[in-house]
Structure formats: C-alpha cells, structure tokens
Amino acid sequence: MMKFILLFLYLNLSILLAQQISITKIEPPNWWNNHSYNKIQLMVYGKNFEDVKVESNDKNFIVEKVFIPQNTNYCFVDVFISNRAEAKNYELTFSNKNGITKYNYSLLERNNEENEHQGFSSEDVVYLIFPDRFSNGDTANDFLFNEKEEFEFKSLNGRHGGDIQGMIDQLDYIKQLGATAIWSTPLLENNMYMSYHGYAATDLYNVDPRFGTNELYKKFVSTAHKKGLKIIYDHVANHIGINHSWIENPPTNNWFHGTPQNHQNADHNKLSLVDNYADKKNITSVDEGWFTNKMPDLNQSDCHVSKYIIQNTIWWIEFSGIDGIREDTYPYVNQQFMSKWAKTILDIYPNFNIVGEVWKGEPAVLAKFQTNTLFEREFDSHLPVVTDFAIRDAIVDFMSGKANLNKIYEIFGKDFVYSNPNNLLIFFDNHDTDRGMFAAKNDLFKFKAGITLVLTTRGIPQIFYGTEIGLDGGGHHGRIRGEFPGGFPGDSLNAFNQSDRNITQNDIFDFTIKLLHLRKEFDAIRNGKFTHFAPKDDLYIYKKTIKDQEIIFAINDNMNDQIVDLSYYIGNIKNIKNNTIVKNLMTGDILSNKNLNTFTIPNKSISIYLID
C-alpha cells in the first residue's frame, strides 16, 4: 500500500511540475532607464502560460497588460517604465493555478557618450565590409558547431573565418584609406545551410559565435568611434532564417505570412508599391511573399511582430552605440510598418540616419521611397536615404562598354525627381553585384572613372571592401565576396600593407586614397553644388562649387587629347583675372590661365582642377 501511495504522489507531483510555469528567456533581454521609449513589450518564452497573471514589485516598473496567444509557450507583457525608475533588477511574478514563478528583469544605465548615434551624410564615405571574407582575427571561432551548415569551409558558399576581431584589427587601415563610416553586413546568428552571409537570422538578439559576441561587437563600435569612424548596422525586418525556433513553435497564428509548407514566393515587381495603377494583389505579393523558401516572411501587420521588430532595432542601437542602419530588402516589408519603424527610430535618435535597399534602376521609382517625396503618396516613408541603383547601373554599363558617358549624364539629369539627391547612397558594386573591375574587364581607366564618379559627384559614397585594390570577382556570390588578400592565415600576399601589394594594386590604391583625401580636404567635393555639362566626343565635364571654392572634373574617354575652352566651365567668366590659378589636384601642377581657351585634356584621363 505504501508503495502505491508513494507512486501516486510521485505521479501527481510530476504532473503538477509539468504544468508549472517555466520561463526560458525574455526578449528584449534588458532595457534602459531614462529612455524615451518607455512602454516596452516583453516577449516571454517558456511553458504553461495559461491564464497567467504577471505582477511587478515596483511602482516604477508597472505591468499594464498581459496577452496570452493560443500558443501558451509564450506570453506578451506590456510594461511602463517610469522616469523615476532606477537602473537595477525588477522582480516579475508569474502566477496561475499551477503555481508561481519569479523572474528578475534588468534596467541598465544609459550610455550617453557624445560619439554615439551620429548618423551619416554626404560628409562621409562608407566602407562596406562582408565580415566572413574580410579578415580573420580569431581562428579559434572558425569551426564552431552548426549542424545545419551544408558547405565546406573555404568553399564558395561556405564560411571562410572572417570575424569581428578581424574588422577591429583593420580599423587603422580603413582610417588610413580615408573612409569615415563602416557598413558591415549582418552578424547575427545564422544556423543555416549557408550561414556565412548573415541575412537569415536564427537569433535576433545574439551575434553569431563564429563572428564573435555581442560584447565584441560593442567593442568594435566603440573602438571605431575612438578612431573617428562611424558604424552602420545591417538590419533585416522582412524575414528570418528557416531554422529559427519560431518556425517549429510560432508565437502567434499570424507571426508569418504562411508556413514552410504553404506560402507564396515574393513577386519582385517593386514598381507595384509606387505604381498609381497597381492592383492591391500585386502589392500583397511583394509584401507577403517569401524572399526565398529559406527566409520566412514576417507579418509586420501583426501588432506583436511590429512591436518586436521596433524594440529589437532600438535595443541594438542603444546596446551598441551604432550611428546608422542599412535596411535590407526594404520594398518587401509592409510599407506602412516601415514608415512607423523609421519614424520611431528617428524621433528617438534625431541625428541617426537610415538607408533603405531599393534595388531598382529607375530614379522615379527610387524617389517615391524617399521621405518627403515630391510625388503623391498615401503616407510618408520617413526613409531618409535610398540606394542609388540607377547611377550604379549607368556606371556599370559605362565600365562594361554597354553605354557611354552620356548615360551617366542623363541619369544625373533626372535628379529633379528626388526630394534630396544628396541623401542617396552612390556606388557601383556591393556584396550582391559583380565587382566593378569585373564589369570593366580590367580596364583601369574605366574602373578609375567609376571610382571618381562615386567619390566626387553627389550623394553618400559607398566603397566595397577590396575595390581600393581592384578585386575583380564576379559571376557568383562567392567570388564577388572574395577574400581580402592578407586577411587570412597563410595568405601569400598582404594587401593591407603597401610593400606587399603588387604594382596594379598600389596604382588603384594610390588613386583611391588620393581622391578620398581630396574629398576630405575640399568642402566643395563633399557638399558643393553639382553642375555638369552634356558629354561631347566622350568628354564629360562637371564641377562642384561652394562659396569661392570651385573644382572642375574632366573624364576623357576619347582615344585622343581634347582641347577645350576651360573658361567656359568656370563659374563667372568675368571674374577670371591674370592671377587666377588653375591647379591640377591629381598632379599638383600649377597651370597658366593665359591659355584657358586652348586647354588640353589628355586622352583616356581623369583630371581634377582647382580654380583659385
């Protein structure tokens, strides 16, 4: 009988324990006191949240509402944080008929350093890094376990070992180059079949251990700031990775658009989002379709998803001190949500900046995504910066020989459609496109002309890592994202050092660094009024002017020298005097102003003249 009683008690105790509330984690993992975003929603992971009540032990940390979805492995707790709340742990009590569980939630002291959340602008030059292929600073994390990985180490689609420590190690190199901001592609955990690219997160609050840790990322940001470099965080609101724990255990019935077994694939017709005549079905197929079958589409129309994404973004801004965000696959996200997301961030961090990836080569389409668009739209996007794929396409077509300089002139001539042409990210290659040198078929003149146009016209320039030494990968993402020579153990050449670079690499590097340093020296290049002239005989001339500073640029794609009347291009011909100085900024030569009407522009050349 005693054995029976003990067995009965054991079974009942086991059932009771199995039904008790358990908490595995809460997101966000912490918040901050004295933060203007003081109504947060805690997403609680665990079990047995049926009819749960949640209470706080402090009047400055108030539980306002509890939502329990059909999936009782989660509950959502709305909390109000008083401006009197101190930085400390706050005890939350979770209770229902099966028992009580307590959890300490932390409020941290805000870090109010002046060099955080600075934003970025046309004053800057953005250096884009693909971390896995840039520099391996910690070989100990190269082979950390990921059971989902399908590609061998060092293969085109596999990891190569680059990491956060590698980026820290090369900050002085980037500073020497003359870039002022770093955009790193995503670093969050990606336990995926192809894990190296970072765009399929399986944990939105933790850095992938093969890149480093959250604290190391924070160190990367603070170290960069001390060196005068800004950091841009690559954010993805549209989707996650298929191996995220949410897939097998979705928090709500509406967390995703569809399921892995039943979903529509994204329609890539981004025009429909700004097309006055588009049917709503077209818009829905862009918004709700999965970018790939491995990237489940988040439903930002769900209020809990919306809150989660906004809080997650703020958390990373506050935790790390970053200066801006590059938003991936911007048109594929619910546009009204993105408007709210951007406005919320910019209201909290007014000096911050955000660039949205809109992969479309039509200026009018790009313009309608930018804030304060000149075109009619139901709501303001609040998106300050758009990726300038229109100019990118024109420069690449020139490099490849598909078009001449006139196409670039015509695309710049359509800048009237933008609310702010200077708030466009201008580039000719990135981690998703063939490299510029690949497009140029190793034509050094055309490649250098592309670099010149990016760094000296208008907008916010972006340089892809390795462009400064002429990396030429193309035809496959793995080759586009090739290793930076010298960033990995066993490399036979270290292109981070001048003495190790070959003649061509040093030629391109010296040309790039010269332009970057001229950009830093002359305010006219960064912020001057951009004026250009219709190309004639493959000669494109434009200038940048601010106050009494005027700089003239000439790209001569002709096989012959060309004689021009330089005085025609100078701002006010009447002001040209005998003592006017024309200085070639690339060579340092001082040129006579007596022969301005028969000025020679060398063949296949890029010339920059300071009129003083």
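This is a predicted model, so every value here is computed, not measured.

## Description of the overall build of the chain
Inference 1: A tally of regular secondary structure across the chain gives 16 helices and 26 strands.
Inference 2: Here the chain has a C-alpha radius of gyration of 28 Å; the compact-globule value for 612 residues is 25 Å, and the two agree.
Inference 3: Considering only C-alpha atoms, the chain reaches an extent of 115 × 55 × 45 Å along its principal axes.
Inference 4: A total of 612 residues make up the chain; the buried ones form 58% of that total.

## Examining the pattern of salt bridges
Inference 1: Evaluation of the coordinates by the stated rule reveals 25 salt bridges.
Inference 2: The partner of Asp 397 in a salt bridge is Lys 407, with the nearest N and O atoms 2.4 Å apart. Of this pair, Asp 397 sits in helix H10 (residues 389–400) while Lys 407 is found in helix H11 (residues 405–412), placing the two residues ten residues apart along the sequence.
Inference 3: A relative accessible area of 29% means that Lys 407 is categorised as partly exposed.
Inference 4: Via salt bridges that share partners, Asp 234, Arg 326, Asp 328 and Glu 357 belong to a single interconnected network.

## Some points on the nonpolar core
Inference 1: Counting 172 residues, the largest nonpolar core has Phe 94, Tyr 127, Tyr 217 and Trp 246 as the members making the most contacts within it.
Inference 2: The element best represented in this core is helix H7 (residues 303–320), accounting for nine residues.
Inference 3: Contact partners of Tyr 217, with chain neighbours within four places excluded, come to Ile 164, Leu 187, Val 207, Ile 231, Tyr 233, Trp 316, Ser 320 and Ile 322.
Inference 4: In this structure, Leu 539, Ala 554, Ile 601 and Tyr 609 belong to the second largest nonpolar core, which totals 15 residues.

## Side note on H7
Inference 1: Given a rise of 1.5 Å per residue, 18 residues ought to cover 26 Å, and the 26 Å separating the end C-alpha atoms of H7 matches this to within 8%.
Inference 2: With 16 of its 18 residues buried, H7 lies for the most part within the structure.
Inference 3: Capping the start of H7, Asp 302 holds a side-chain oxygen 2.8 Å from the backbone nitrogen of His 304, two or three residues further along.
Inference 4: Just beyond H7, the residue with positive phi is Gly 321, at close to 85°.

## As for the layout of surface pockets
Inference 1: Computed from the structure, the largest pocket encloses a volume of approximately 610 Å³.
Inference 2: Contributing to the lining of the largest pocket are 21 residues, with Ser 272, Leu 273, Ile 283, Glu 378 and Phe 379 lying nearest its centre.
Inference 3: Listing elements by their share of the lining of the largest pocket, those giving two or more residues are helix H6 (280–288) and helix H8 (335–348).
Inference 4: Residue contributions to the lining of the largest pocket peak at five residues, all from H6.
Inference 5: There is about 500 Å³ of room inside the second largest pocket.
Inference 6: Of the residues that constitute the lining of the second largest pocket, the class distribution is 13 nonpolar, nine polar and six charged.

## What about the sheet that holds strand S5 (residues 61–67)?
Inference 1: Taking strand neighbours across the sheet as the criterion, the four strands line up as S1-S3-S6-S5 in an open arrangement whose pairing is antiparallel. Where the open sheet ends on each side, the last strands, each with one partner, are strand S1 (22–27) and S5. Neighbour to neighbour, the strand axes of the sheet diverge by 30° on average, direction disregarded.
Inference 2: In this sheet, strand S6 (residues 74–81) lies alongside strand S3 (residues 39–47) in antiparallel orientation, the contact comprising seven bridges. Considered in S6, the bridge of Tyr 45 is made with Tyr 74.
Inference 3: Packing against the sheet, H7 makes contact with S1, S3, S5 and S6, and its axis sits at approximately 110° to S3.

## Looking at the sheet that holds strand S16 (residues 385–387)
Inference 1: Reading around the barrel, the eight strands line up as S9-S10-S13-S14-S15-S16-S17-S18 and close back on themselves, with parallel pairing between neighbours. Going across the sheet, the axis of each strand differs from the next one's by a mean of 30°, ignoring polarity.
Inference 2: Two elements, strand S15 (residues 353–356) and S16, share two bridges in a ladder whose sense is parallel. Note on S16: the bridge partner recorded for Gly 356 is Val 386.
Inference 3: On the sheet, helix H13 (residues 444–456) packs against strand S17 (424–426) and strand S18 (460–464) and is oriented at approximately 140° with respect to S18.

## Some words on the side chain of Asp 124
Inference 1: Secondary-structure assignment places Asp 124 in the loop between strand S8 (99–108) and strand S9 (126–129).
Inference 2: Within the structure, the side chain of Asp 124 is placed 2.8 Å from the side chain of Thr 180, a separation counted as a polar contact.
Inference 3: Polar contacts involving the side chain of Asp 124 include one to the side chain of Lys 230, which spans 3.0 Å.
Inference 4: What Asp 124 contacts, discounting residues up to four positions off in sequence, is Gly 119, Thr 180, Lys 230, Ile 460, Pro 461 and Arg 519.

## Some thoughts on the packing of aromatic side chains
Inference 1: All told, the structure shown has 48 aromatic pairs when counted by the stated rule.
Inference 2: Ring centres 5.6 Å apart and planes at 90° place the aromatic pair Phe 134 and Phe 496 in the edge-to-face group. Of the two residues, Phe 134 sits in the loop between S9 and helix H2 (164–169) while Phe 496 sits in the loop between helix H14 (477–480) and helix H15 (503–521), which places them 362 residues apart along the sequence.
Inference 3: Judged by relative accessible area, which is 0%, Phe 134 ranks as buried.
Inference 4: Relative accessible area serves as the criterion here: at 9%, Phe 496 is assigned to the buried category.
Inference 5: When the ring of Tyr 173 is compared with that of Phe 484, the centres are 5.8 Å apart and the planes differ by 70°; the resulting orientation is edge-to-face. One end of the pair, Tyr 173, is in helix H3 (residues 171–177); the other, Phe 484, is in the loop between H14 and H15, and 311 residues separate them in sequence.
Inference 6: Phe 484 sits in the buried class, given a relative accessible area of 0%.
Inference 7: Across from the ring centre of Phe 509, 3.8 Å away, lies the NZ or CZ of Arg 501, which sits over that ring.

## Focus: the confidence of the model for the chain
Inference 1: With 95% of its residues at a pLDDT of 70 or more, the chain has an overall mean of 94.
Inference 2: Below a pLDDT of 50 lies the segment residues 6–17, which in the model reaches one contact outside its immediate sequence neighbourhood of four places, other chains included.

## So, the packing of H7 against H8
Inference 1: H8 packs onto H7 with a crossing angle of 30° between their chain directions and a minimal axis gap of 11 Å. The chirality of how H7 crosses H8 is right-handed. Of H8, the residues touching H7 (which contributes Ser 306, Ile 309, Ile 310, Thr 313, Ile 314 and Ile 317) are Phe 337, Lys 340, Trp 341, Thr 344, Ile 345 and Ile 348.
Inference 2: Per-class residue counts for the contact of H7 with H8 are eight nonpolar, three polar and one charged.

## Focus: the environment of Lys 102
Inference 1: With respect to the secondary-structure elements, Lys 102 resides in strand S8.
Inference 2: Here the alpha-carbon distance between Lys 102 and Ser 56, two residues 46 residues apart in the chain, equals 9.8 Å.
Inference 3: Dropping the residues within four chain positions of it, Lys 102 is found in contact with Glu 91, Leu 92 and Thr 93.
Inference 4: Engagement of the side chain of Lys 102 in a polar contact is seen with the side chain of Thr 93, the distance being 3.2 Å.

Parameters and conventions
Residues numbered from 1 in each chain as written. Predicted model: local features only at pLDDT ≥ 70, side-chain atom pairs only at ≥ 80, totals over all residues. Heavy atoms only, no water. Helix = DSSP H or I, 4+ residues; strand = E, 2+ residues; numbered from the N terminus. Rg over C-alpha atoms; globule rule 2.2 N^0.38 Å. Buried < 20%, exposed > 50% of the residue type's maximum accessible area, 1.4 Å probe, protein only. Salt bridge = Lys/Arg side-chain N within 4 Å of Asp/Glu carboxyl O. Core = buried A, V, L, I, M, F, W, Y, C linked by side-chain atoms within 4.5 Å. Contact = heavy atoms within 4.5 Å. Expected span 1.5 Å × (residues − 1). Polar contact = N/O pair within 3.5 Å; in protein donor to acceptor, adjacent residues only side chain to side chain. 1 Å grid on protein atoms, 1.4 Å probe; cavity = no way out; pocket = protein on both sides within 12 Å on 5 of 7 lines; lining within 4 Å. Points joined across faces, edges and corners; volume = space filled by probe spheres on them. Nonpolar A, V, L, I, M, F, W, Y, C, P; charged D, E, K, R; others polar. Pairing = 2+ DSSP bridges. Axes fitted to C-alpha atoms, helices over the stretch in contact; angles between N-to-C directions. Phe/Tyr/Trp six-rings, centres within 6.5 Å; stacked < 30°, edge-to-face > 60°. Lys NZ or Arg CZ within 6 Å of the ring centre and 35° of its normal. pLDDT = per-residue confidence, 0-100. Left-handed = near helix turned anticlockwise from the far one by under 90°.

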